[in-house]
Amino acid sequence: MALVEKVRLSLGTAIQLGLEAGFLDPCFTTAFLMTYRDGKCNANCAFCPQARESTSSSDRLSRISWPVYSFDEVLDSLDTIDTFRRYCIQSLNYPQAVEDVASILKELRVKTSLPVSVSIHPLDSTGITRLHDAGATSIGVAFDACTPELFDEVKGKKRGAPYRWETHLKALQDALEIFGQGNVTTHLVIGLGETEKEAADFILTMNKMGISVGLFALTGVRGTTLEKEKPPELSTYRRMQALRFLISHGYLTETEVVIDSEGALKVELDASLLGVLLSSGEAFRTSGCQGCNRPFYNERPSGPMYNYPRPLTPEEAADALALTGW
Ligand code: SF4
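Residues numbered from 1 in each chain as written. Predicted model: local features only at pLDDT ≥ 70, side-chain atom pairs only at ≥ 80, totals over all residues. Heavy atoms only, no water.

Secondary structure summary: the chain contains ten helices and twelve strands in total. Its C-alpha radius of gyration of 19 Å places the chain within 12% of the 20 Å reference for a compact globule of 326 residues. Counting across all 326 residues of the chain, residues that qualify as buried make up 56%. In the chain, the proportion of contacts linking residues at least 24 apart, taken out of those at least 6 apart, comes to 70%. Summed over all atoms, the accessible surface of the chain reaches about 14,500 Å², with 51% contributed by carbon and sulfur. For the chain, the distance from the average position of its 32 positive side-chain charges to the average position of its 41 negative side-chain charges is 4 Å. (Helix = DSSP H or I, 4+ residues; strand = E, 2+ residues; numbered from the N terminus. Rg over C-alpha atoms; globule rule 2.2 N^0.38 Å. Buried < 20%, exposed > 50% of the residue type's maximum accessible area, 1.4 Å probe, protein only. Contact = heavy atoms within 4.5 Å. Areas by Shrake-Rupley, 256 points an atom, 1.4 Å probe, with all protein chains shown as cover. Lys, Arg positive; Asp, Glu negative; His and termini not counted. Charge placed at Lys NZ, Arg CZ, Asp CG, Glu CD.)

To continue, consider the side chain of Asp-152. Residue position: Asp-152 is located in helix H5 (residues 148-155). Although Asp-152 is buried, it makes no salt bridge; Lys-157 carries the closest opposite charge, 4.1 Å away. In contact with Asp-152, not counting residues within four places along its chain, are Lys-157, Lys-158 and Arg-159. (Salt bridge = Lys/Arg side-chain N within 4 Å of Asp/Glu carboxyl O.)

Neighbouring the ligand are the residues Cys-41, Ala-43, Cys-45, Cys-48, Gln-50, Ala-51, Leu-92 and Tyr-163. Split into classes, the residues belonging to the shell around the ligand amount to seven nonpolar, one polar and no charged. (Near = heavy atom within 4 Å. Nonpolar A, V, L, I, M, F, W, Y, C, P; charged D, E, K, R; others polar.)

A few words on the nonpolar core. Grouped together as the largest cluster of nonpolar side chains are 106 residues, with contacts concentrated most on Phe-71, Leu-105, Leu-131 and Leu-188. What Leu-105 contacts, discounting residues up to four positions off in sequence, is Ile-89, Val-116, Val-118, Leu-131, Ala-134, Gly-135 and Ala-136. (Core = buried A, V, L, I, M, F, W, Y, C linked by side-chain atoms within 4.5 Å.)

Two aromatic rings, taken as a pair, are described by how far apart their centres are and by the angle between their planes. Applying the stated criterion across every chain yields a total of nine aromatic pairs. When the centroid spacing of 5.8 Å and the interplanar angle of 75 degrees are considered together, the rings of Phe-84 and Tyr-87 count as edge-to-face. Residue class for Phe-84 comes out buried when judged on its relative accessible area of 3%. Between Tyr-237 and Tyr-306, the aromatic rings sit 5.2 Å apart at their centres with planes inclined by 90 degrees, giving edge-to-face as the arrangement. Placement of Tyr-237 in helix H8 (residues 234-248) and of Tyr-306 in the loop between helix H9 (271-278) and helix H10 (314-324) is noted, with a sequence separation of 69 residues between them. Accessibility expressed as a relative area gives 0% for Tyr-237, which makes it buried. Among the aromatic side chains, those forming a connected cluster through ring pairs are Phe-143, Phe-151, Trp-165 and Phe-202. (Phe/Tyr/Trp six-rings, centres within 6.5 Å; stacked < 30°, edge-to-face > 60°.)

Bringing the side chain of Arg-239 into the picture now. Within the fold, Arg-239 resides in helix H8. When neighbours within four sequence positions are excluded, Arg-239 is seen to be in contact with Glu-196, Ala-264, Leu-265, Leu-323, Thr-324 and Trp-326.

The subject of this paragraph is the pairing of strand E1 (residues 6-9). Consecutive residues of a regular strand have side chains that alternate between opposite faces of the sheet. Here three bridges tie E1 to strand E5 (residues 68-70), and the two strands are oriented antiparallel to one another. Bridge pairing in E5 places Val-7 opposite Tyr-69. Bridge count between E1 and strand E2 (residues 30-35): three bridges; the pairing is antiparallel. Bridging from a neighbouring strand, Arg-8 pairs with Met-34 of E2. (Pairing = 2+ DSSP bridges.)

Printed below as a string of structure tokens:
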């Protein structure tokens, strides 16, 4: 019997594993697991249904529901599926979190040699090494906010939460040493009140450090402090996606990123070259670890699609590119 008794699975993952009824999607390439605890996270991020002070149902993370299963049952069900390309473990912040994630990793490693990413609160280098040695192939520590001031407001001091900007940065630097470049990620939520310049500067800084950025659109989930906040303008989100894509592929340098008089992000690249680089629509797909698609994490099935979990049609790609205004 596994040391960890229970885990949560994203509903989509549970369906793919045959643990719930539903549509079997051959494009569902990442299995999402979340640590289980009886209660909420010790942290208090203003947008998160798992936050200490949120009144949301505790089976939610963003728009997705995460039912609880016996971990043994989940491990058995893994024998029935070969469409996953990656596993992703999301951890809440609580005293046993590292122990639990290490145990989950060890059991998964008996079953699979696929990449396993862990998204967790900042750890010291001993904790990071522990997860690396237990079988994690990449690690993410989510900044979510792009400036120290916004960070304090949505998940740090002003939330009575344990997080500090400097500690997040240090954990990511240590993770780079232990996991190596290309295996360390952070998250950025667009729509928390940042300017396009602030978000762009954050993406540029992370890219320079060798940390990849997964983009999320603010989603006002009922029961969270930010439940009434609107999602970001789609045009702003498209510019951030395009910037992240161009920078992370080395198609753009920092000096080619400018802000116009309206505060909107522009890039100094030839329009025809931009068309070549962005017309496939790749830039507008879900970003994060390789192979991650997080279907409907931020968006209602009726749209708008902030992050496409699949290749875009030529029309969708043209519309997304046009929205950048570039
Ligand atoms: S640390 Fe993660 S799970 Fe905990 S409140 Fe913040 S976003 Fe939610």
